[in-house]
2 protein chains.
Amino acid sequence: MGYNALLKRMGEVNDLLCAESMLSWDARTMMPPGGADTRAMQLATLKVFARNHLVADESRRLLDAAEAETANLAADSVERTMCAHVREAIDYHLRIPAELVHRRAEVGSKGQHVWAKARAENDYAAFAPVLEETLALNREMAECIGYEEHPYDALMYRFEPGETIASLQPLFAALREGLLPLVKAIGEKEAPRVDFLQRPFPVEKQLAFALNMARKVGYDTDRGRLDLTVHPFEISFTRNDVRITTRVNDDWMPKSLFGTLHEAGHGMYEQYCDPAYTRTPLATDLVGLYAVGGVSFGAHESQSRLFENQVGRSREFWELNYGELHDAFPEQLAGIDAETFWRAINRVAPGFIRVESDELTYDFHIMLRVDIEAALIDGSLGVADLPEAWNAKVKEYLGLDVPSNRLGVLQDVHWSSGQVGTFCNYTIGNVMAGQLFAEAKKDIGVRDGLASADYRPLREWMTEHVHRHGRRYTREQLLERATGRGLEPGPYVEHLTAKYTAIYGL
Amino acid sequence: MGYNALLKRMGEVNDLLCAESMLSWDARTMMPPGGADTRAMQLATLKVFARNHLVADESRRLLDAAEAETANLAADSVERTMCAHVREAIDYHLRIPAELVHRRAEVGSKGQHVWAKARAENDYAAFAPVLEETLALNREMAECIGYEEHPYDALMYRFEPGETIASLQPLFAALREGLLPLVKAIGEKEAPRVDFLQRPFPVEKQLAFALNMARKVGYDTDRGRLDLTVHPFEISFTRNDVRITTRVNDDWMPKSLFGTLHEAGHGMYEQYCDPAYTRTPLATDLVGLYAVGGVSFGAHESQSRLFENQVGRSREFWELNYGELHDAFPEQLAGIDAETFWRAINRVAPGFIRVESDELTYDFHIMLRVDIEAALIDGSLGVADLPEAWNAKVKEYLGLDVPSNRLGVLQDVHWSSGQVGTFCNYTIGNVMAGQLFAEAKKDIGVRDGLASADYRPLREWMTEHVHRHGRRYTREQLLERATGRGLEPGPYVEHLTAKYTAIYGL
C-alpha cells in the first residue's frame, strides 16, 4: 500500500506541475497583456504547492513505507527507481532553505526587467550589480546542494545530473580539436547563396508546411498543437498533451521550419514515453519541479537536435521532401533546386548571437559560456572583467571582434533570471544526437525509411531506445544501452565533417 | 497579522482556483483531443487542493485570529465581510463529507456519458437510473448543507444564496401573470421575417463584428479575449484576465452576436470589480470553489442579460449601430433596414429547447425546471413520471406538444453532471437586469450615452452599483443600494410588454 499511495501522491505533484506548465504555456501564447501580474502569483503558488506536497511529512512517511515494501525487488526495478527518484528529490529540496528559493525568485523577477533595459541600452554597468547578486545566490545554492570538486557541478546537477566541469573538459577539447579547423577552412571558402530564403513567405503557409513536416517525422497532433510565440518552446501536460510553439520570421524562412522540427523533437520525447509512467516520478522532474519525462536537459536536447539537424538539415531529407516545399512556395523558390536549398540551410556564418548561430559554430557559443560561468562562480573571473573575457573567447573561437555588449555578454536571458549551469545541455544534446543517429542508421529498417521519406522506423527506434524510458535510466545508462558507449563526440564530429566537406568542398 | 495572513492564504486558494479555471478554459478551447483523461485528473486535483487549503486547521487558526483582530470594526466593514465569507465557506465545506464530494464527482463524470448516449438515442429509460442516483446524492447533500423549509433551498444556496422555493413563488406567479398573456397574444399575430438572418455570414467577419460590439459596450480586450467553443461561456483568472467564448452558426447569425454580448456582460462584472479585492474572498466564490467575483449566479446573469437583451436587442441600439453591421455584411443584409433587423432579432417563437428560446419565452423554460426539480427532490414527483410532468408543463406554458424526450426532458446537461438547483439564476438574472437597466436610465448621462452609442456611462453606472462590489454585499443588499428595492419583476415585465407591444402591435 505504501508504494501505491506514494505514486498517488506523486501523481498529485505531477498534476500541480502540469497546471503550472499550462499557466506558463498560456502566458506565452494566449494571455492578454493585463494578466501578467496575477499570472506570476498563480505560477509561484503552484510551484510552492508542488514543492511542499513533495517534501511534506506525509510524503516522507509514504516513501519510507514504499521503500520497505519494495526492498526485496532488484535495485534497478521500476519500483525502486521510482522510490529513488522521490528520495533524491526530497533530499535535494530539503537541502535548500525555502527562504533562499524565495530570494532567488525575487532576484530573478527583478533581474529580468533590469537586464531587458540594460540590453536595450547596451549598458553593462547597469546589469553588473544584478549579476553579482545572481552569482552570490548561485554560490549559496551550490553550497546547499553540495559538490565534490567545483561549485558549478552542483548548479549543473538540476539540468544534467552527473555532469561536472571536469567531465566536460575532454569533451570540449575534442570538439575544439575536431571543429575549429572546419570553421577556419570554411571561412576561406565562398558562402552558398541564401537570398531566396529571405523572400516573403506567408506566415500561414509557413506554419502549415512546418507542422506537416513535424507530423511527418512523428509528432502526434492528436496529442499536441503548434502555436505562435515570441520565444519558441516545447511544453507538456502529460504525454497526452504536448505542445510546441514557433516564431515566423518574414525575412528568414528557415527559422520557423527548423524551429518547429526542433520543438517537435522535444515533443516526441514526451509523447512516446511509456504510458505506464504517466503522472509518476519517471515522467516528472521532481528535482527541477517540471512535469517533463526526459532524463536530462541534454538528453532532451538530443531529440530536438536530431530531428532538426541530423534529419532536417540532411541532403537526403531534402532530396525527398523538397518537392513538397517547392509546391507550397513556387514563386519564392522559383529556379531553386533541392541541392541549392540544402546548401543554403547549412550555410556557416560565425556570428555574435547564440540563438541565431549555425549548426557548426553553435557549440563554441556554449563552450565559452560554460567556461565563463564556472569562472564567475568560483571567483576566478570578476564581474567587472566579464566583457573583456567574453570578447576574448569570441575572438578565439569565432574570429570576431564583439562590437558591443548588447551583441556580447548581454545577449542571453539566463543570468538575469537567476539561472546558472544550464548551457552545457545544448552541446551535450548535439553530441548525443550524433551518437544516437549514427547508431540508429545501423538498423536497416531505419536506413530504408530515411531513403524513402518514411520516418516512422527512425521515430520507433528513438522511442525504443530513448523516449519510452522517461527517467528510468541515467543519461549515461541510456546511451550505453542504446549505443554500447557513454557520451563521446566522435560520431558528431564525423557528421559535421562529412556534411561541410561536401558542401564547401574542403 | 491574523487578517493579513488570512488574506494571503485565501489568495493562494484563489490562485489554485484560477489555475483550475485556466485548465478548464483550455480544455474547452485549445486542448488536443488526447489530453482529456489526464486533464480531468488535473482539474480534480486542483479543486481538492483548493478545498483542503481553505478548510485546513491553519486556515481556521488564521480565521480565528483575524476575527479577533477585526472584532471592533463595523459588522459590515470590508474586513469583517471578508472574514464572514471565509467562515461561511469553511462551515459549508466541513458539513459535506469528502467522501460525498468524491461520489458526486464520480456520478457526474459517469452521468454525462450515459446522458449523451441516452439523448442521442432518445432513450429516457437509459438515463433514468443515473437521474435516480443524482437525486439521491443531491438529497444527501441537502441534508448535509441544512435548510429550514425545503431540501431544494439547500441546493440553491451554492448558486443563489438566500433564495428559497417559497421566495420564488410570488416571483414566478407575477411573471406568469405578466408574460403568459403576451405569449398568447403574440401567437395570434404574424411573425416578423427572419430569412435574412439565415444567409451565410462568414465566420471571421461575424467574430470581428461581435468582438467590436463587445468592446463598444465596455468589454476590455487588454484584459480579455474571445475564442470559439462548442458551448459558450465566460471565465476569469482574476479581473486582469477575463475571457469569453462564442459559437458561430452558419445559418443563424444572431447566435454569436448576442452570445458574445451576453458573455461580455458576464465578463465586465469580473473586469470592473474593485482591484483591491483581487485574489480576496470578495472576488472568490469560496462556497462554490470558483474564482469568480459576482455575488450570486443570478446577479452575474443580470449583467449578461442586460447587455444582451436590454441593450443589445433594443431598438435604440440598432438605430445607432445598424449601419456598421450593414457595412460588414452588405450582401447578406441588402435591402434590410434597421427596423426590420430589430424586429427579426426579437421574433417570439415558442420552442422546445431552452438554449434556443427567445427573450419572452425563456423564463417559462426556467420555471418549469425549477418546479420539477423541487418536486423530484422532495419526492412528490417520481423519476418514472418525469417525462409526463415535463410535457404537461410545456403544454401549459408554451402551448406545445413535446414530440420526443430528446426535445424534452433529456435536453439539458445539468442533471447528468449532478447539478440540481441552478436554473432559477437565469430568471433572477432577467428580472434583475430589468430593474437595474430601468434604474440606470434615470441617470441623464446614461440616457444621453445610450442615445449617442456611447455606452461608457452605462458601463460606469453598472460598475459603480454592481461590478466593483464583487461579493461585498448580498444580492438583495446590492439591489436595494442600486435601486432602492429588493428583487421585483415589475420593470422586467414592463420592458417586455413595451417592446413586444411595439413589435407585434398588441
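Residues numbered from 1 in each chain as written. Chains lettered and ligands numbered in written order. Predicted model: local features only at pLDDT ≥ 70, side-chain atom pairs only at ≥ 80, totals over all residues.

J.: Would you take a moment to explain the overall build of chain A for this structure?
T.: If you tally the helices and strands in chain A, you get 20 helices and three strands. Expected size for 506 residues packed as a compact globule is a radius of gyration near 23 Å; at 23 Å, chain A falls within 12% of this value. Along the first, second and third principal axes, the C-alpha atoms of chain A reach 70 × 55 × 50 Å. For chain A, buried positions account for 46% of its 506 residues. When contacts within chain A are restricted to residue pairs at least 6 apart in sequence, long-range pairs at least 24 apart make up 72% of them. (Helix = DSSP H or I, 4+ residues; strand = E, 2+ residues; numbered from the N terminus. Rg over C-alpha atoms; globule rule 2.2 N^0.38 Å. Buried ≥ 20, exposed ≤ 12 C-beta atoms within 10 Å, placed from the backbone. Contact = placed C-beta atoms within 7 Å.)

J.: Looking at this structure, how should I read the relation of the copies chain A and chain B?
T.: In this arrangement, two copies of a chain are superimposed by a rotation about an axis accompanied by a shift along the axis. Here chain A sits on chain B after a turn of 180 degrees about the axis and a move of 0.0 Å along it, with an RMSD of 0.0 Å. In symmetry terms, the pair is related by a two-fold rotation axis. The position closest to the rotation axis in chain A is occupied by the C-alpha of Ala19 of chain A, lying 3.2 Å away. The overlap is high: 100% of the interface residues of chain A also sit at the interface in chain B, so the same surface is used on both sides. (Least-squares fit on C-alpha atoms with pLDDT ≥ 70 in both.)

J.: I tried to follow the sheet that holds strand β1 (residues 226-228) of chain A on my own but got confused; where do I start?
T.: Remark on secondary structure: sheet strands pair via backbone hydrogen bonds, oriented parallel or antiparallel. Residues and elements named next belong to chain A. If you trace the three strands from one edge of the open sheet to the other, you get β1-β3-β2, paired in mixed fashion. Whereas interior strands pair on both sides, the edge strands pair on one side only; in this sheet they are β1 and β2 (234-236). Averaged over all neighbouring strand pairs, the angle between strand axes comes to 30 degrees, with direction disregarded. Pairing of β1 with strand β3 (residues 242-246), which is carried by three bridges, proceeds in the parallel orientation. In the sheet register, Leu226 faces β3, and the bridge partner there is Ile244. Lying on the sheet, helix α1 (residues 2-29) is in contact with β1, β2 and β3; it crosses β2 at an angle near 145 degrees. Sitting on the sheet, helix α10 (residues 254-271) is in contact with β1, β2 and β3, with an inclination near 165 degrees to β3. (Pairing = 2+ DSSP bridges. Axes fitted to C-alpha atoms, helices over the stretch in contact; angles between N-to-C directions.)

J.: Please clarify how the interface of chain A and chain B should be interpreted in this entry.
T.: Taken residue by residue, the interface counts 32 residues in chain A and 32 residues in chain B. Considering every element that reaches the side of chain A that touches chain B, the biggest residue donor is α1 of chain A, with eight residues. Broken down by class, the residue content of the side of chain A that touches chain B amounts to 13 nonpolar, 10 polar and nine charged. (Nonpolar A, V, L, I, M, F, W, Y, C, P; charged D, E, K, R; others polar.)

J.: I would appreciate a short explanation of the domain arrangement of chain A in the present structure.
T.: How big an interface is tends to be stated in terms of accessible area lost as the parts join. Residues and elements named next belong to chain A. Here the domain parsing of chain A yields domain 1 (1-95) and domain 2 (165-504). The distance between the C-alpha centroids of domain 1 and domain 2 comes to 29 Å. Facing 25 residues of domain 1, the contacting portion of domain 2 comprises 20 residues. Those elements giving two or more residues to the side of domain 1 that touches domain 2 turn out to be α1, α2 (36-55) and α4 (78-95). Top element by residues in the side of domain 1 that touches domain 2 is α1. It accounts for 13 residues. Grouping the constituent residues of the side of domain 1 that touches domain 2 by class yields 14 nonpolar, seven polar and four charged. (Domains from an automatic or database assignment.)

J.: Would you mind showing me how to read the sheet that holds strand β2 (residues 234-236) of chain B here?
T.: Residue and element names in this part refer to chain B. Pairing in this open sheet of three strands is mixed, and the strands run β1-β3-β2 from one edge to the other. This sheet does not close on itself; its edge strands, each paired only once, are β1 (226-228) and β2. Sheet twist, expressed as the mean angle between neighbouring strand axes with direction ignored, is 30 degrees. As defined by bridge partners, β2 adjoins strand β3 (residues 242-246) across three bridges and the pair is classed as antiparallel. Across the sheet, the residue bridging to Ile235 is Arg243, located in β3.

J.: Honestly, the confidence of the model for chain A in this entry has me stumped. Any pointers?
T.: When pLDDT drops low, the exact placement of atoms in the prediction is not to be read closely. Across chain A, the average pLDDT comes to 96, with 100% of residues at 70 or higher. This complex was scored by the predictor with a pTM of 0.96 and an ipTM of 0.95. (pLDDT = per-residue confidence, 0-100.)

J.: Is there a simple way to explain unusual backbone geometry in this structure?
T.: For residues that are not glycine, phi is negative in most cases, and the peptide bond is trans in most cases. One non-glycine residue with positive phi stands out, namely Leu289 of chain A, at about 55 degrees. Relative to the helices and strands, Leu289 of chain A resides in the loop between α10 and α11 (297-311). For Ala453 of chain B, which is not glycine, the phi dihedral falls at a positive 60 degrees. Using a count of 14 C-beta atoms within 10 Å as the deciding quantity, one classes Ala453 of chain B as partly exposed.

J.: Help me out: how do you make sense of the packing of α11 of chain A against helix α16 (residues 424-440) of chain A in this one?
T.: The packing of two helices is summarised by the inter-axis angle and the distance between the axes. All names here are of chain A. Close contact between α11 and α16 brings their axes to 7 Å; oriented N to C, the two are set at 60 degrees. Classified by the angle between their axes, α11 and α16 sit oblique to one another. With respect to the hand of their crossing, α11 and α16 are arranged in right-handed fashion. On α16, the residues that touch Phe297, Gly298, Ala299, Glu301, Ser302, Ser304, Arg305, Leu306, Asn309 and Gln310 of α11 are Asn425, Tyr426, Ile428, Gly429, Asn430, Met432, Ala433, Leu436 and Phe437. Looking at the contact of α11 with α16 residue by residue, the classes come out as nine nonpolar, eight polar and two charged. (Parallel < 35°, antiparallel > 145°, perpendicular 65-115°, else oblique. Left-handed = near helix turned anticlockwise from the far one by under 90°.)

J.: Is there a simple way to think about the pairing of β3 of chain A in this case?
T.: Within a regular beta strand, the side chains point alternately toward one face of the sheet and then the other, so they alternate between its two faces. All names here are of chain A. For β3, a buried count of five out of five residues is recorded, marking the element as mostly surrounded by other parts of the structure. Judged by which residues are buried, β3 turns out to be covered on both faces: Val242, Ile244 and Thr246 on one side and Arg243 and Thr245 on the other are all buried. From the end of β2 to the start of β3, which pair antiparallel, there are five residues, and Thr238 there has a positive phi angle of about 70 degrees.

J.: Any chance you could explain helix α2 (residues 36-55) of chain B here in plain terms?
T.: Three- or four-residue spacings in an α-helix give side chains the same orientation, since the helix completes a turn every 3.6 residues. Given a rise of 1.5 Å per residue, 20 residues ought to cover 28 Å, and the 29 Å separating the end C-alpha atoms of α2 of chain B matches this to within 8%. Within the sequence span of α2 of chain B, burial applies to Thr38, Arg39, Gln42, Thr45, Leu46, Phe49, Ala50, Arg51 and Leu54 of chain B. Tucked into the core, α2 of chain B has its buried residues touching α1 and α2 of chain A together with α1 (2-29), α3 (57-69) and α4 (78-95) of chain B. (Expected span 1.5 Å × (residues − 1).)

J.: When you look at the nonpolar core in this model, what are you seeing that I'm missing?
T.: For soluble globular proteins, the rule of thumb is that nonpolar side chains tend to be buried together. In this structure, Ala19, Leu155 and Val217 of chain A together with Ala19, Leu155 and Val217 of chain B are the most contacted members of the largest nonpolar core, which totals 257 residues. Setting aside residues no more than four positions away along its own chain, Leu155 of chain B makes contact with Asn138, Met141, Ala142, Ile377, Val420 and Gly421 of chain B. (Core = buried A, V, L, I, M, F, W, Y, C linked by C-beta atoms within 7 Å.)

J.: Please explain helix α20 (residues 490-504) of chain A as it appears in this structure.
T.: Residue and element names in this part refer to chain A. For α20, spanning 15 residues, the distance from its first C-alpha to its last is 21 Å, which sits close to the expected 21 Å at 1.5 Å a residue. When α20 is considered as a whole, its buried residues turn out to be Pro491, Tyr492, His495, Leu496, Lys499, Tyr500 and Tyr504. Where α20 ends, the next residue or the one after it, Gly505, has phi of about 60 degrees, a positive value.

J.: What's the story with the packing of α1 of chain A against helix α3 (residues 57-69) of chain A in this structure? I'm lost.
T.: Residue and element names in this part refer to chain A. Running from N to C, α1 and α3 cross one another at 140 degrees; their axes reach a closest spacing of 7 Å. When the axis of α1 is compared with that of α3, the two are oblique. The crossing of α1 and α3 is left-handed. Within the contact between the two elements, α1 uses Gly2, Tyr3, Ala5, Leu6 and Arg9 and α3 uses Ser59, Leu62, Leu63, Ala65, Ala66, Ala68 and Glu69. Here the contact of α1 with α3 is built from residues that sort into eight nonpolar, two polar and two charged.

J.: Is there a simple way to explain the environment of Val248 of chain B in this structure?
T.: All names here are of chain B. If you trace the backbone, Val248 turns up in the loop between β3 and α10 (254-271). Overall, the presence of 20 C-beta atoms within 10 Å leaves Val248 in the buried class. Along the primary structure Val248 and Phe49 are separated by 199 residues, whereas in three dimensions their C-alpha atoms are 36 Å apart. Those residues within four positions of Val248 in sequence are excluded, and the remaining contacts are Val203, Gln206, Leu207, Leu228 and Ser256.

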